[in-house]
Amino acid sequence: MAQETCVPGDRRLGPGVLVLVVGPSGAGKDTLIAHARERLAARANIRFARRRITRAADATENHIALDEDAFAAGVADGRFPLHWRANGLCYALGEEVAQDIAAGHIVVANGSRAAVPEARGRFLHVRLVHVTAPPEVLAARITARGREGEAALAQRLAREPVLDGEPDLRILNVGAPFEAGERLAAFLRGL
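The structure presented is a predicted model; accordingly, all values stated were derived computationally and were not measured.

Looking now at the packing of aromatic side chains. Given two aromatic rings, their pairing is described by the distance between the two centres and the angle made by the two planes. Tallying each qualifying case throughout the model produces two aromatic pairs. Look at W84 and Y91: their rings are 5.7 Å apart centre to centre, the planes differ by 5 degrees, and that puts the pair in the stacked class. The same class applies to W84 as to Y91, namely buried.

Written as structure tokens, this is what we have:
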């Protein structure tokens, strides 16, 4: 796959921009991304990644379900430009992300705070959006999804990876999803 970069010898994917939307479980990242996708549907240069996750597909998240073997094969074959483990699951961005970045597009992806250093090492241009909410709001949202029991809920709330550097945008998602979604859409319009 051809990669255009700004620095001779730099093997990172470019020239497009990867926008990683990160934050704790229950912060509303998928909701804000869905809002931005709807608002920016006419922008052909902005793409929204569909993650691969080792969890069965359900109505709470639009992802491609993989089993552990398929995930391991994708990693071994180099098909995922970015992958990570969190909360007992495996996550990855697919080959289309690398293709869109190589074509100069902006790609928006729900990511992981722990994967930010790896993303910065693999992509030439990374923008970081940190979405969060108070612990009681996070707990209520995670509980409403109905995927985790109490032990898993406590584990998710306790998980606090260090954020690698200052984000390009911080969103405290406590009001109407429309307001926070508009902040994300406005940020993306400005790239």
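On we go.
Counting across every chain of the model gives seven salt bridges. With its nearest N and O atoms 2.8 Å apart, the salt bridge here joins D77 to R79. The class for R79 is partly exposed, based on a relative accessible area of 30%. In this structure, R170 and E166 form a salt bridge, with 3.1 Å as the shortest nitrogen-oxygen distance. On the accessibility criterion, R170 (43% relative accessible area) is partly exposed. Residue classification places E166 among the exposed positions, given a relative accessible area of 60%.

With that settled, the discussion passes to the packing of helix α1 (residues 29-39) against helix α7 (residues 177-189). The interhelical angle for the contact between α1 and α7, taken along N-to-C directions, is 60 degrees, at an axis separation of 8 Å. As summarised for this structure, α1 and α7 are arranged oblique, according to the angle between their axes. The hand of the α1/α7 crossing is right-handed. Counted together, T31, L32, I33, H35, A36 and R39 of α1 and P177, F178, A180, G181, E182, L184, A185, L188 and R189 of α7 form the full contact between these two elements. For the contact of α1 with α7, the class distribution of residues is nine nonpolar, three polar and three charged.

Analysis parameters
Residues numbered from 1 in each chain as written. Predicted model: local features only at pLDDT ≥ 70, side-chain atom pairs only at ≥ 80, totals over all residues. Heavy atoms only, no water. Phe/Tyr/Trp six-rings, centres within 6.5 Å; stacked < 30°, edge-to-face > 60°. Buried < 20%, exposed > 50% of the residue type's maximum accessible area, 1.4 Å probe, protein only. Salt bridge = Lys/Arg side-chain N within 4 Å of Asp/Glu carboxyl O. Axes fitted to C-alpha atoms, helices over the stretch in contact; angles between N-to-C directions. Helix = DSSP H or I, 4+ residues; strand = E, 2+ residues; numbered from the N terminus. Parallel < 35°, antiparallel > 145°, perpendicular 65-115°, else oblique. Left-handed = near helix turned anticlockwise from the far one by under 90°. Contact = heavy atoms within 4.5 Å. Nonpolar A, V, L, I, M, F, W, Y, C, P; charged D, E, K, R; others polar.

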